[in-house]
Amino acid sequence: MSYAKLLEEEGMPFDPGTSGGYDGLRPEDFKSILLGQPNRITKKVPMVQFADLMLFPMVKGGYDPQYRPYAKMIHSKRIIDAVLAPEARANLGIKYSCFDMKK
């Protein structure tokens, strides 16, 4: 079974007891969000390359907010944390806890 189909049927594969504070999506949420089964996407697809260019600065910005590409994305309001109220970021913003925090 594909990962997308599993999300639609069972929801996120995390323990609700330890990840409850993150307000994960429910199966019915995935049913309304996902549009069919994804086809295999490779790095040859320009949008995948674009996504990688956005992802790395977000990861690095989690532990180095002065990292220039991240700072520019924040300044130009290109990522969700830049447009959310500070009190909403924990539940609705980027989940930096998913990344190893290097100091």
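Residues numbered from 1 in each chain as written. Predicted model: local features only at pLDDT ≥ 70, side-chain atom pairs only at ≥ 80, totals over all residues. Heavy atoms only, no water.

Caption draft 1: Summary view of the overall build of the protein chain. The helix and strand tally for the protein chain stands at six helices and zero strands. The secondary structure elements of the protein chain, listed N-terminal to C-terminal, are α-α-α-α-α-α. Within the protein chain, buried positions represent 19% of all 103 residues. Of the contacts made within the protein chain by residues no fewer than 6 positions apart, 33% connect residues no fewer than 24 positions apart. Counting every atom, the protein chain has about 8,200 Å² of accessible surface; 60% of that belongs to carbon and sulfur. (Helix = DSSP H or I, 4+ residues; strand = E, 2+ residues; numbered from the N terminus. Buried < 20%, exposed > 50% of the residue type's maximum accessible area, 1.4 Å probe, protein only. Contact = heavy atoms within 4.5 Å. Areas by Shrake-Rupley, 256 points an atom, 1.4 Å probe, with all protein chains shown as cover.)

Caption draft 2: Summary view of the packing of helix α4 (residues 46-61) against helix α5 (residues 68-75). With their axes 8 Å apart at the nearest point, α4 and α5 run at an angle of 100° to one another. When the axes of α4 and α5 are compared, the pair comes out roughly perpendicular. Within the contact between the two elements, α4 uses Met54, Pro57, Met58 and Gly61 and α5 uses Pro69, Tyr70 and Met73. Of the residues in the contact of α4 with α5, the class split is six nonpolar, one polar and no charged. (Axes fitted to C-alpha atoms, helices over the stretch in contact; angles between N-to-C directions. Parallel < 35°, antiparallel > 145°, perpendicular 65-115°, else oblique. Nonpolar A, V, L, I, M, F, W, Y, C, P; charged D, E, K, R; others polar.)

Caption draft 3: Layout of the nonpolar core. Counting residues in hydrophobic clusters, the biggest one holds six residues: Met58, Tyr70, Met73, Ile79, Ile94 and Tyr96. Beyond its immediate stretch of four places on either side in the chain, Ile79 contacts Met54, Met58, Tyr70, Met73, Ile74 and Ile94. (Core = buried A, V, L, I, M, F, W, Y, C linked by side-chain atoms within 4.5 Å.)

Caption draft 4: Here's a closer look at the environment of Val83. By the element assignment, Val83 lies in the loop between α5 and α6 (89-92). Along the sequence, Val83 and Gly93 sit ten residues apart, while their C-alpha atoms lie 9.3 Å from each other.

Caption draft 5: Examining a nonpolar patch on the surface more closely. On the surface, Met12, Phe14, Leu25 and Ile33 cluster together into a nonpolar patch covering about 360 Å² of accessible area. Mapped onto the fold, Phe14 is located in the loop between α1 (3-10) and α2 (16-19). (Patch = residues over 30% accessible without salt bridge, like charges linked within 9 Å, V, L, I, M, F, W, Y side chains within 5 Å. Salt bridge = Lys/Arg side-chain N within 4 Å of Asp/Glu carboxyl O.)

Caption draft 6: Summary view of the confidence of the model for the protein chain. Confidence in the prediction for the protein chain averages 81 pLDDT; 83% of positions are at 70 or higher. Here α2 is the element of the protein chain with the lowest mean pLDDT, 78, and α5 is the one with the highest, 94. (pLDDT = per-residue confidence, 0-100.)

Caption draft 7: Summary view of the side chain of Asp81. If you trace the backbone, Asp81 turns up in the loop between α5 and α6. Arg89 provides the closest opposite charge to the buried, unpaired Asp81, separated from it by 5.2 Å. A distance of 2.9 Å separates a polar side-chain atom of Asp81 from the backbone nitrogen of Ile94. Apart from residues no more than four positions distant in its own chain, Asp81 is found in contact with Arg89, Gly93, Ile94 and Tyr96. (Lys, Arg positive; Asp, Glu negative; His and termini not counted. Polar contact = N/O pair within 3.5 Å; in protein donor to acceptor, adjacent residues only side chain to side chain.)

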